[in-house]
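Take a look at the letters that make up each chain.
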Amino acid sequence: MTLTSVGRPTRPHPAISEGHASLTGGRGLLQDEPLLFELGGWDKTGVDLPAAEHDASDLGGLLRTTPIGLPGLSEPETLRHYVRLSQMNHAIDLALYPLGSCTMKHNPRLNEKLARLAGFADLHPLQPVSTAQGALELIDRLAHWLKTLTGMPAVAMTPKAGAHGELCGLLTIRAAHEAAGHGHRRRVLVPTSAHGTNPATAAFVGYSVQEIAQTADGRVDLADLAAKLGPDVAAIMVTNPNTCGLFEREVIEIARVAHASGAYFYCDGANFNAIVGRVRPGDLGVDAMHINLHKTFSTPHGGGGPGAGPVVLSAALAPFAPAPWIVHGPAGLTLVEDARDEAAAAFGRMCAFQGQMGMFVRAYAYMRSHGADGLRQVAEDAVLNANYVKARLSAEMTPAFPDGPCMHEALFDDSWLEGCGITTLDFAKAMIDEGFHPMTMYFPLVVHGAMLIEPTETESRRELDRFCDALLALARAAKAGDTERFTGAPYLAPLRRLDETMAARKPKLAWRPEPTTVAPAPLAAE
Ligand SMILES: *Cc1c(COP(=O)(O)O)cnc(C)c1O
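Computed from a predicted model, the values in this text were never measured in an experiment. (Residues numbered from 1 in each chain as written. Predicted model: local features only at pLDDT ≥ 70, side-chain atom pairs only at ≥ 80, totals over all residues. Heavy atoms only, no water.)

So, on to a nonpolar patch on the surface. A cluster of nonpolar residues, L59, L62 and L63, forms a patch on the protein surface that exposes about 320 Å² of accessible area. Mapped onto the elements, L62 comes out in the loop between α2 (36-39) and α3 (75-87). Assessed through its relative accessible area of 73%, L62 is described here as exposed. (Patch = residues over 30% accessible without salt bridge, like charges linked within 9 Å, V, L, I, M, F, W, Y side chains within 5 Å. Areas by Shrake-Rupley, 256 points an atom, 1.4 Å probe, with all protein chains shown as cover. Salt bridge = Lys/Arg side-chain N within 4 Å of Asp/Glu carboxyl O. Helix = DSSP H or I, 4+ residues; strand = E, 2+ residues; numbered from the N terminus. Buried < 20%, exposed > 50% of the residue type's maximum accessible area, 1.4 Å probe, protein only.)

Spelled out as structure tokens, the structure:
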């Protein structure tokens, strides 16, 4: 059994050839990493503070009586701990990250440089607006780009992620229905392929959720949608392109029937990167759509930084948008903060302050460095790359929707694994040994054993070929009966297969000292 050679020598399988019994707790330049609390003693500190000058009695009854409980580590020990942890995981800065429905694209370093400019990075959210005019202007210009790219008249900038944007959109829709005396509209229709946040958001807002069926070619079943619309439906939530990586060809008709029955059209805009610069959702009849800046506009994602999910709104919904928003006045830019006067219909606020300023700077820098034509090319290249992957992998794997091109994601099912004794999960784990992060697995739920691959526009032909070569070689090995390579994988990751059920059912959320640990002595006593 050998690993696939993708630009590096084929080596014997370590688990078979030797086992790891002779190693002392690290391998391949990586040490086993305990928790920070287990690593340090309690007797050390990374800083050298002078004894407090003031009489402790100044603090009265507030004097700390128990040790503070911080681990005692030197600065290099602390630094190395975090660097080692970072080496145990995969990152977009290390290699292609093919998760679908996530858009793990390169985050240009130029954006980071601009986000660190003192005028943006050192702002305090409570400082007078007269001293933050530049920041407000940046938010205002970003809002202008978002409205222009989507063809929508208004945008709520504050939501802090896609899911938060969905909540903002549905609260806006609920406020609009209530203002029109339609508070009885409390049902939301969601396709079976929807991201889990869609039904979860609708339920959170107090709505009931009903599924819309999907056609054999992976799109919304219009007849089923029409049959389920009724006088109690508040909204439909449709993702476009959808989570199967397909454009909803009937989207204009979907909007028309929804509006004809008095419902609003919420579009999940997480996949906007596939159509930015080519299609304006406002032209399709969308009433509200969140834009994941961390997907479409390259701001860091997941562990890399907070998200941002501004929501563009149609004219019908705009009056109900949450505060704050920016207005141009004689004294420059000001914020409308309170739900009165022009904001009388605002449903409230999504958060304190103005939203994720650091992400706004990054997204705006990304837009300006690409320009309008460049953003359009982003969408075209993302779609081209996905179709390249789909075409190459179809030699061994089965695309879930073989007819016609896909958008920015290539979706495969597991029918090609039939009879191999290997599941989608096993295949994904074997990818780790080949140096690739697995694709999204088992989502969307409508496709059996789904493998959803999103290469994004930032990968070169060479990177895509390395990825496809590895997957094709793995697929051939699976079909040739090399089962162990998959069912035992990963062999080379810092940790092997984890007990995911235990981790989900009985998560350990806090560190507790072993009973034998000596209680730490207070450092300040010296
Ligand atoms: C990512 C995603 C979401 C949720 O966005 P977050 O920013 O992760 O909250 C919703 N819908 C779809 C289709 C997504 O891909």
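Let's shift gears to unusual backbone geometry. For the bond running from N240 to P241, omega is -10°, close enough to zero to count as cis. Mapped onto the secondary structure, P241 falls in the loop between β6 (233-239) and α10 (251-260). A cis amide bond links A323 with the next residue in sequence, P324, at an omega value of 0°. Take P324: it is sitting in the loop between β9 (311-313) and β10 (325-329). Even without a glycine there, the phi angle at T103 is positive, about 50°. One can find T103 in the loop between α3 and α4 (109-115). Since its relative accessible area comes to 1%, T103 is described here as buried.

Read across the sheet, four strands follow the order β12-β13-β15-β14 without closing on themselves; strand pairing throughout is antiparallel. Edge positions in the sheet fall to β12 (398-399) and β14 (440-441), since each has one partner strand and no second. Note: β14 against strand β15 (residues 451-453), two bridges, orientation antiparallel. Residue M441 lies in a different strand from β15, and its bridge partner there is M451. Of the strands in this sheet, β12, β13 (410-413) and β15 are in contact with helix α12 (residues 357-393), which crosses β13 at around 30°. (Pairing = 2+ DSSP bridges. Contact = heavy atoms within 4.5 Å. Axes fitted to C-alpha atoms, helices over the stretch in contact; angles between N-to-C directions.)

The buried fraction of strand β4 (residues 187-191) is high, at five of five residues. The side-chain alternation of β4 yields two buried faces, one formed by R187, L189 and P191 and the other by V188 and V190. The sheet contact formed by β4 and strand β5 (residues 208-212) spans five bridges and is parallel. Its bridge partner being in β5, L189 is matched across the sheet by Q210. The parallel pair β4 and β5 is bridged by helix α8 (residues 197-204), and the resulting crossover is right-handed. Note that β4 and β6 share three bridges and pair parallel. Paired with V188 across the strands is A235, a residue of β6. (Right-handed = clockwise from strand over helix to strand, strands pointing away.)

Right, let's get into the pairing of β10. As judged from the five bridges shared by β10 and strand β11 (residues 332-336), these two strands associate in the antiparallel manner. Bridging across to β11, W325 finds its partner in V336. Connecting β10 to the antiparallel partner β11 that follows it, the hairpin turn spans two residues.

With that settled, consider helix α14 (residues 461-479). End to end, α14 covers 27 Å across 19 residues, agreeing with the expected 27 Å (1.5 Å per residue, within 8%). Taken residue by residue, α14 has L464, D465, F467, C468, A470, L471, L472, A473, L474, A475, A477 and A478 as its buried positions. Tucked into the core, α14 has its buried residues touching α12, α13 (424-433), β15 and α15 (484-487). Positioned one or two residues after α14, G481 has a phi angle of 95°, which is positive. (Expected span 1.5 Å × (residues − 1).)

Counting residues in hydrophobic clusters, the biggest one holds 58 residues, and the most contacted among them are L142, L146, L225, I236, L293, F297 and F360. Only α6 (133-150), β6, α10, β7 (264-268), β11 and α12 provide two or more residues apiece to this core. In terms of residues, this core owes the most to one element, α12, which gives 12 residues. Dropping the residues within four chain positions of it, L146 is found in contact with V155, M157, I291, L293, F297, P310, V312 and M367. With 29 residues, the next largest nonpolar core counts I422, A430, M431 and A475 among its residues. (Core = buried A, V, L, I, M, F, W, Y, C linked by side-chain atoms within 4.5 Å.)

This part takes up the pattern of salt bridges. A full pass over the atoms with the stated rule returns 25 salt bridges. Here R84 ties to E33 by a salt bridge, and the two come within 2.5 Å at their closest N and O atoms. Of this pair, R84 sits in helix α3 while E33 is found in the loop between β2 (30-31) and α2, placing the two residues 51 residues apart along the sequence. An identical accessibility class is assigned to R84 and E33; each is buried.

Here we come to the side chain of K429. Looking at where K429 falls in the secondary structure, it is placed in helix α13. Leave out the neighbours within four places in its chain, and K429 touches A489, P490, R497 and E500.

Here the focus is the site of the ligand. If you check the shell around the ligand, you find 14 residues, and the closest are S101, G162, D268, H294 and K295. A distance of 2.6 Å separates a nitrogen atom of the ligand from a polar side-chain atom of D268. For the ligand, the accessible surface in isolation is 380 Å², of which the surrounding protein chains cover 87%. Residue assignment for the shell around the ligand shows that the elements contributing at least two residues are α7 (162-179) and α11 (293-296). Among the elements that make up the shell around the ligand, the one with the highest residue count is α7 (three residues). Taken together, the residues of the shell around the ligand break down into three nonpolar, eight polar and three charged. (Near = heavy atom within 4 Å. Polar contact = N/O pair within 3.5 Å; in protein donor to acceptor, adjacent residues only side chain to side chain. Nonpolar A, V, L, I, M, F, W, Y, C, P; charged D, E, K, R; others polar.)

Attention now moves to the state of the cysteines. All chains considered together, the criterion is met by zero disulfides. For C420, which is in no disulfide, the shortest distance to another cysteine sulfur is to C468 and amounts to 19 Å. (Disulfide = S-S within 2.5 Å.)

Helix packing for two helices is described by the angle between their axes and how far apart those axes are. It is at 10 Å that the axes of α12 and α14 come closest, and there the two elements cross at 30°. On the basis of their axis angle, the class for α12 and α14 is roughly parallel. Read as a crossing pair, α12 and α14 show a hand that is right-handed. Across the interface between the two elements, N385, Y388, V389, R392 and L393 from α12 touch R461, L464, D465, F467, C468, D469, L471 and L472 from α14. The class makeup of the residues in the contact of α12 with α14 is eight nonpolar, one polar and four charged. (Parallel < 35°, antiparallel > 145°, perpendicular 65-115°, else oblique. Left-handed = near helix turned anticlockwise from the far one by under 90°.)

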